[in-house]
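Structural overview
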Amino acid sequence: MRIDTDRLILVAASETLLRAELADHRRLAVMLSAEVPHDWPPPLNDKDTLRWVLERMREQKGSLGWISWYFLLRRYDGEKPLAIGVGGFRGLPAEDGTVEVGYSVRKENQRAGYATEAVDALVEWAFSNPGVTRVIAHTLPVLAPSIRVLEKNGFRFAGDGEEEGTILFEKLRPA
C-alpha cells in the first residue's frame, strides 16, 4: 500500500519490511527500492520502537496502514527515492473514531515541509475511512517545529496530553 504526494512516496510498513529493517538497512533498501541512509532511523525511532510496532501489528490483525509508514523523497535525477522519515498511527481507530498520528523526519531533511506533507497525506488517508472522526497527536511544548506541522495541517490545541509534560492536538473530520 502506498500514498503518493507531490514530493513523497509513503509506503505502508508490513511485518516483512519491519523485520528487514531490524535485520539490516541494506535489505530494507532493496525491499523499498530506495536509498536508506547510513544514519537511519530518524529521531525517536530505534530497535525498541520497531519491536513495539511489530508487536502492535501482530496484536491488531488487519492493521496495515494503521501502524507505520516509510516516507520516501522522490528524486528526479535518476537516483532511487531517499528514505527520510517514518510516521503513522498508534493502531486501528478506537471505538469513538479516534486515531493518533505520529511522525519523525531525519535531521538533514527537517524544515523543508516534508513532515507537513506526510502528515497531511496520512490524515487524509485516515479520514477516507468513514469510521474515523478525529485524529489526535501528542507532542512536547518545546518541540515548536512539531507543533507547527500540526498547526499547518489544521490541528488545534486540545489541552494536556496523556503523558506528563505532553500536550494534545486534534483535528476533527471535516463536515
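Up top is the structure.
Residues numbered from 1 in each chain as written. Predicted model: local features only at pLDDT ≥ 70, side-chain atom pairs only at ≥ 80, totals over all residues. Heavy atoms only, no water.

Looking now at the overall build of the protein chain. Secondary structure assignment for the protein chain yields five helices and eight strands. When the elements of the protein chain are put in sequence order from the N terminus, they spell out β-β-α-α-α-β-β-β-α-β-α-β-β. On C-alpha atoms alone, the protein chain measures out to a radius of gyration of 16 Å, which is about the 16 Å that the 2.2 N^0.38 rule sets for 175 residues. For the protein chain, the spread of C-alpha atoms along the three principal axes comes to 40 × 35 × 30 Å. Considering only contacts in the protein chain between residues 6 or more positions apart, those separated by 24 or more positions represent 64%. Carbon and sulfur atoms form 51% of the exposed surface of the protein chain, whose accessible area is close to 9400 Å². Taking the 23 positively charged and 26 negatively charged side chains of the protein chain as two groups, their mean positions are separated by 4 Å. (Helix = DSSP H or I, 4+ residues; strand = E, 2+ residues; numbered from the N terminus. Rg over C-alpha atoms; globule rule 2.2 N^0.38 Å. Contact = heavy atoms within 4.5 Å. Areas by Shrake-Rupley, 256 points an atom, 1.4 Å probe, with all protein chains shown as cover. Lys, Arg positive; Asp, Glu negative; His and termini not counted. Charge placed at Lys NZ, Arg CZ, Asp CG, Glu CD.)

Another point: the sheet that holds strand E5 (residues 98–105). As summarised here, the arrangement of the eight strands in space is E1-E2-E3-E4-E5-E6-E8-E7, forming an open sheet in which the pairing is mixed. With partners counted over all chains shown, the strands left at the sheet margins are strand E1 (2–4) and strand E7 (156–160), one partner each. Averaged over all neighbouring strand pairs, the angle between strand axes comes to 30°, with direction disregarded. Pairing between E1 and strand E2 (residues 8–12): three bridges, direction antiparallel. Its bridge partner being in E2, Arg2 is matched across the sheet by Val11. (Pairing = 2+ DSSP bridges. Axes fitted to C-alpha atoms, helices over the stretch in contact; angles between N-to-C directions.)

Counting residues in hydrophobic clusters, the biggest one holds 33 residues, and the most contacted among them are Leu10, Trp69, Phe71, Phe89, Val135 and Phe155. If you list the elements that add at least two residues to this core, you get E2, strand E3 (69–73), strand E4 (82–89), E5, helix H4 (114–127), strand E6 (134–139), helix H5 (144–152) and strand E8 (167–172). No other element matches H4, which puts 10 residues into this core. Core analysis: the second largest hydrophobic core is formed by 20 residues, Leu28, Val53, Leu54 and Ile67 among them. (Core = buried A, V, L, I, M, F, W, Y, C linked by side-chain atoms within 4.5 Å. Buried < 20%, exposed > 50% of the residue type's maximum accessible area, 1.4 Å probe, protein only.)

Our focus in this paragraph is helix H2 (residues 25–32). Within H2 the residues assigned to the buried category are Leu28, Ala29 and Leu32. The buried side chains of H2 occupy one side of the element, clustering within an arc of 105° when seen end-on. Structural note: H2 exposes Arg26 and Val30 on the side pointing more than 90 degrees away from its buried face. Residues of H2 that are buried sit in contact with E2, helix H1 (15–23) and E3. Measuring from the side-chain oxygen of the N-cap residue of H2 to the backbone nitrogen of Arg26 gives 3.0 Å; that N-cap residue is Asp24. Trailing H2 by a residue or two, Ser33 shows a phi angle of about 55°, which is positive. (Arc of directions from axis to C-beta. Polar contact = N/O pair within 3.5 Å; in protein donor to acceptor, adjacent residues only side chain to side chain.)

To continue, consider the pattern of salt bridges. A full pass over the atoms with the stated rule returns 16 salt bridges. With a shortest N-O distance of 2.7 Å, Arg2 and Asp4 are connected by a salt bridge. The class of Asp4 is partly exposed, set by a relative accessible area of 42%. Glu35 is paired through a salt bridge with Arg75; the nearest N and O atoms lie 2.6 Å apart. Here Glu35 is found in the loop between H2 and helix H3 (47–59), whereas its partner Arg75 is found in the loop between E3 and E4, with 40 residues between them in sequence. You can call Arg75 partly exposed: its relative accessible area is 23%. (Salt bridge = Lys/Arg side-chain N within 4 Å of Asp/Glu carboxyl O.)

This brings us to the packing of aromatic side chains. Taken as a whole and judged by the stated rule, the model has six aromatic pairs. Seen in terms of ring centroids, Trp40 and Tyr70 are 6.5 Å apart; in terms of plane orientation they differ by 35°. Their pairing is tilted. Of this pair, Trp40 sits in the loop between H2 and H3 while Tyr70 sits in strand E3, and the two are 30 residues apart along the sequence. Judged by relative accessible area, Trp40 falls into the buried class, the value being 4%. On the basis of an interplanar angle of 75° and a centroid distance of 5.8 Å, the ring pair of Phe157 and Phe169 is categorised as edge-to-face. Of this pair, Phe157 sits in strand E7 while Phe169 sits in strand E8, and the two are 12 residues apart along the sequence. Judged by relative accessible area, Phe157 falls into the partly exposed class, the value being 47%. (Phe/Tyr/Trp six-rings, centres within 6.5 Å; stacked < 30°, edge-to-face > 60°.)

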